[in-house]
Amino acid sequence: MPNPTLDAIDLKIIAALQKNAKATTNDLAEAVGLSPSPCARRVRLLESAGVIKGYTVVLDQKKLGLPISAFASIKLERQREDDLDRFSQAVLRWPEVVDCYLMTGQRDYLMRIVVRDLEAYERFIKDKLTRLDNIASIESSFALGQVKRSEVLPA
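Residues numbered from 1 in each chain as written. Predicted model: local features only at pLDDT ≥ 70, side-chain atom pairs only at ≥ 80, totals over all residues. Heavy atoms only, no water.

- In the nomenclature of an unreviewed UniProt entry, the chain corresponds to Lrp/AsnC family transcriptional regulator from the organism Mesorhizobium jarvisii.

See the structure below:
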């Protein structure tokens, strides 16, 4: 089921799970108007099709001692496919990078880096990012506050 056609029940299941991924099958079934067995089957189909990629916990980064969100715009010297792949593989190894996007426009990548303080961010830049070949420039900005963060996709 590579590109599944989602019906109204599938969309209700997705919406309910986005609100509460810990919902029991019975609670989920009741919320979407199905009996538990067909509801569980639909969830498994959504999982196997890759529509539901996984389940996660949303954490408070400040309470975990990681109050700094830095945004780094990266420009590469070259944008050949192997250069882009090398950069992507490096980013995948760095736990501080919680989001990374290949971009259009003046910059090649936009990353969100989460660290405990400015010294940790400086170490990340010096010990990891600037040690990669092909980095032309790095521009950093720091979030003063978070207005909205959501993993809930619009219907």
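So, next bit.
## Digging into unusual backbone geometry
Phase 1 of the analysis: Unlike most non-glycine residues, asparagine 134 shows phi in positive territory, near 80°.
Phase 2 of the analysis: If you trace the backbone, asparagine 134 turns up in the loop between helix 5 (118–127) and strand 4 (135–142).
Phase 3 of the analysis: Residue asparagine 134 is classed as buried on the basis of its relative accessible area, which comes to 8%. (Helix = DSSP H or I, 4+ residues; strand = E, 2+ residues; numbered from the N terminus. Buried < 20%, exposed > 50% of the residue type's maximum accessible area, 1.4 Å probe, protein only.)

## Things to note about the environment of leucine 17
Phase 1 of the analysis: Counting through the fold element by element, leucine 17 comes out in helix 1 (residues 8–19).
Phase 2 of the analysis: By relative accessible area, which is 11% here, leucine 17 ends up buried.
Phase 3 of the analysis: Taking the C-alpha atoms as reference points, leucine 17 and isoleucine 52, separated by 35 residues in sequence, lie 9.4 Å from one another.

## A look at the pattern of salt bridges
Phase 1 of the analysis: Tallied over the entire structure, the rule returns 16 salt bridges.
Phase 2 of the analysis: Between arginine 112 and aspartate 99 there is a salt bridge, and its shortest N-O distance comes to 3.2 Å. Within this pair, whereas arginine 112 is found in strand 3 (residues 109–115), its partner aspartate 99 is found in strand 2 (residues 97–102), the two being separated by 13 residues in sequence.
Phase 3 of the analysis: For aspartate 99, a relative accessible area of 21% translates into the label partly exposed.
Phase 4 of the analysis: In this structure, glutamate 139 engages arginine 107 in a salt bridge whose closest nitrogen and oxygen atoms are separated by 2.4 Å. With glutamate 139 in strand 4 and arginine 107 in the loop between strand 2 and strand 3, the pair connects residues that are 32 residues apart, well separated along the chain.
Phase 5 of the analysis: On the accessibility criterion, glutamate 139 (46% relative accessible area) is partly exposed. (Salt bridge = Lys/Arg side-chain N within 4 Å of Asp/Glu carboxyl O.)

## With respect to the nonpolar core
Phase 1 of the analysis: Among the nonpolar cores identified, the biggest contains 20 residues, and Ile74, Phe87, Met111, Ile113, Tyr121, Phe124 and Leu129 are the most heavily contacted of them.
Phase 2 of the analysis: When residues of this core are traced back to their parent elements, those giving at least two are strand 1 (68–76), helix 4 (81–92), strand 3 and helix 5.
Phase 3 of the analysis: Not counting residues within four places of it along the chain, the set of residues in contact with leucine 129 comprises Ile74, Phe87, Trp94, Met111, Phe124, Ile135 and Ile138.
Phase 4 of the analysis: Membership of the second largest hydrophobic core comes to 11 residues, among which are Ile13, Ala16, Leu46 and Ile52. (Core = buried A, V, L, I, M, F, W, Y, C linked by side-chain atoms within 4.5 Å. Contact = heavy atoms within 4.5 Å.)

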